[in-house]
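A closer look at the structure
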Amino acid sequence: AGAGRSVEVVGFDWDWSGIIGGMESVKVEVEKVASALRDASLADLVKELESRLGIVPPEQKKTAPSVKKIVLVGPPGCGKGTQAPVLKEKYGLCILATGDMLRGAVASGSELGLQAKKVMEEGKLVSDEIVVGLIKDNIGSDDCKNGFILDGFPRTVPQAEKLDSMLDDQKLGPVSSVL
């Protein structure tokens, strides 16, 4: 079947002129791309490929600061509060215990502290968003420049996901260790 002819294939009537015309336009585009590729340097081709694949070259990567991010998990009385000071001393980390952070925020009268105070006075649990906000505020302090130890948070998968998201937003990388 040539251009301008119709062919019936398994009950379908094909108009080859449209298909051949479409193939011609594809051929023209392929020739344009081939010409551009011939004129491009290898470095330019690699940069374009990296860009299209979302790959960031090593020299452009923003590396996360080399800080330790330790999460202590376990039931009450298992020794988290005993081990945290040992890790703090050994690695120069700050300890972020949720209860202490909440009490400190309420005492300071900060916005998060006032939100937490209202919830606690109603006898409810403080939201994950408030706790993650407190962690975010605290990890930026000079005491936490080498990293931090979380004692008492996260306790649930959704809390862990919120923590991961916040660390990612702050470009701190993932949690270093869970003990």
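See the structure shown above.
Okay, so let's go over this structure. (Residues numbered from 1 in each chain as written. Predicted model: local features only at pLDDT ≥ 70, side-chain atom pairs only at ≥ 80, totals over all residues. Heavy atoms only, no water.)

1. Looking at the packing of aromatic side chains
In total, this model carries 0 aromatic pairs according to the counting rule given. Taking the ring centre of Tyr91 as reference, the NZ or CZ of Lys68 above it sits at 4.8 Å. (Phe/Tyr/Trp six-rings, centres within 6.5 Å; stacked < 30°, edge-to-face > 60°. Lys NZ or Arg CZ within 6 Å of the ring centre and 35° of its normal.)

2. Description of the state of the cysteines
A full pass over the atoms with the stated rule returns 1 disulfide. Here Cys94 connects covalently by a disulfide to Cys144, the sulfurs 1.8 Å from one another. The disulfide joining Cys94 to Cys144 has a torsion of about 95 degrees about its S-S bond and is therefore right-handed. In this pair, Cys94 sits in strand 4 (residues 94-97) while Cys144 sits in the loop between helix 6 (128-139) and strand 5 (147-151), placing the two residues 50 residues apart along the sequence. Judged by relative accessible area, Cys94 falls into the buried class, the value being 7%. Since its relative accessible area comes to 6%, Cys144 is described here as buried. (Disulfide = S-S within 2.5 Å. Helix = DSSP H or I, 4+ residues; strand = E, 2+ residues; numbered from the N terminus. Buried < 20%, exposed > 50% of the residue type's maximum accessible area, 1.4 Å probe, protein only.)

3. Let's talk about the pairing of strand 5
Burial runs high along strand 5: 5 of the 5 residues are buried. By the alternation rule, side chains of strand 5 split into Gly147, Ile149 and Asp151 and Phe148 and Leu150, which are all buried. Across 5 bridges, strand 3 (residues 68-72) lies against strand 5 in parallel orientation. Within the sheet, the bridge partner assigned to Lys69 lies in strand 5 and is Phe148. (Pairing = 2+ DSSP bridges.)

4. Quick notes on helix 4 (residues 98-108)
Restricting attention to buried positions, one finds in helix 4 the residues Thr98, Met101, Leu102 and Ala105. The arc that holds the buried residues of helix 4, viewed along the axis, is 100 degrees, so those residues lie on one side. Of the exposed residues in helix 4, the ones pointing more than 90 degrees away from its buried face are Asp100, Arg103 and Ala107. On its buried face, helix 4 is in contact with strand 4, helix 5 (111-121), helix 6 and strand 5. (Arc of directions from axis to C-beta. Contact = heavy atoms within 4.5 Å.)

5. Some words on the pairing of strand 3
Of all 5 residues making up strand 3, 4 are buried, and the element is well covered by its neighbours. Both strand 3 and strand 6 (residues 177-178) contribute to a ladder of 2 bridges, which runs parallel. Each bridged residue has a counterpart across the sheet, and for Ile70 the counterpart in strand 6 is Ser177.

6. Observations regarding the packing of helix 4 against helix 5
Look at helix 4 against helix 5: their axes get within 7 Å of each other, and the N-to-C directions meet at 110 degrees. As far as their axial angle goes, helix 5 and helix 4 are roughly perpendicular. Facing Leu102, Ala105 and Val106 of helix 4, the residues of helix 5 in contact are Gly113, Ala116, Lys117 and Met120. Taken together, the residues of the contact of helix 4 with helix 5 sort by class into 5 nonpolar, 1 polar and 1 charged. (Axes fitted to C-alpha atoms, helices over the stretch in contact; angles between N-to-C directions. Parallel < 35°, antiparallel > 145°, perpendicular 65-115°, else oblique. Nonpolar A, V, L, I, M, F, W, Y, C, P; charged D, E, K, R; others polar.)

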